[in-house]
Amino acid sequence: MTINVLILCTHNSARSVLAEGMLNHLAKQSGKDIKAFSAGSTPSGRVNPYALDALVQAGVDTSAMYSKSWDEFTLPDAPVMDIVITVCDSAASEQCPYWPGSPVKVHWGYPDPSNAPEAEKKKAFDLTRQAIGYRMLQLLALPLETMSHAERQSALLHLQKS
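Residues numbered from 1 in each chain as written. Predicted model: local features only at pLDDT ≥ 70, side-chain atom pairs only at ≥ 80, totals over all residues. Heavy atoms only, no water.

A. Fine view of unusual backbone geometry. We note that Asn12 has phi near 45°; this positive angle belongs to a residue other than glycine. Among the structural elements, Asn12 can be located in the loop between β1 (3-8) and α1 (15-30). (Helix = DSSP H or I, 4+ residues; strand = E, 2+ residues; numbered from the N terminus.)

B. Focus on the pairing of β1. The buried fraction of β1 is high, at six of six residues. Residues of β1 alternate between two faces, with Ile3, Val5 and Ile7 on one and Asn4, Leu6 and Leu8 on the opposite face, all of them buried. As paired strands, β1 and strand β2 (residues 34-39) are joined by six bridges and run parallel to one another. The residue bridging Leu6 from the neighbouring strand is Phe37, located in β2. (Buried < 20%, exposed > 50% of the residue type's maximum accessible area, 1.4 Å probe, protein only. Pairing = 2+ DSSP bridges.)

C. Geometry of the side chain of Thr62. In this structure, Thr62 sits in the loop between α2 (49-57) and β3 (83-86). Apart from residues lying up to four places away in sequence, Thr62 is in contact with Leu52, Leu55 and Val56. (Contact = heavy atoms within 4.5 Å.)

Right, dumping it as structure tokens:
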């Protein structure tokens, strides 16, 4: 049974895309049946080129990535989400729609690498990708497929603090 993870950031152009790419890449490498998706409440319509570059440099296939609205994941034919993670503070403070399946929700905030000075953006995006990648490795180490809703919530909150 595939564990579906939705990662949210307001514009779905940087942090949530980095998280989607890293989680899918690492899940594939580890043989875990986990599928990440990303979205935003007000998507920018484009993925930040620095985010794409950071992912490509890490060996992640970015060919199917695009900026999307979280509304896509409330439609009747959308995959049921098991976990919803916000990665930017503004998305965490927004009123999210109802997610079918009543997923576990957690906020793992990361600074916006887009705010770095132009000369430092490439490095800022790669450091953010690394930090998110480490957290996704921790997520993949959990026995999610055998955990109850309450156990997942507790484990994800514990990771939030680590």
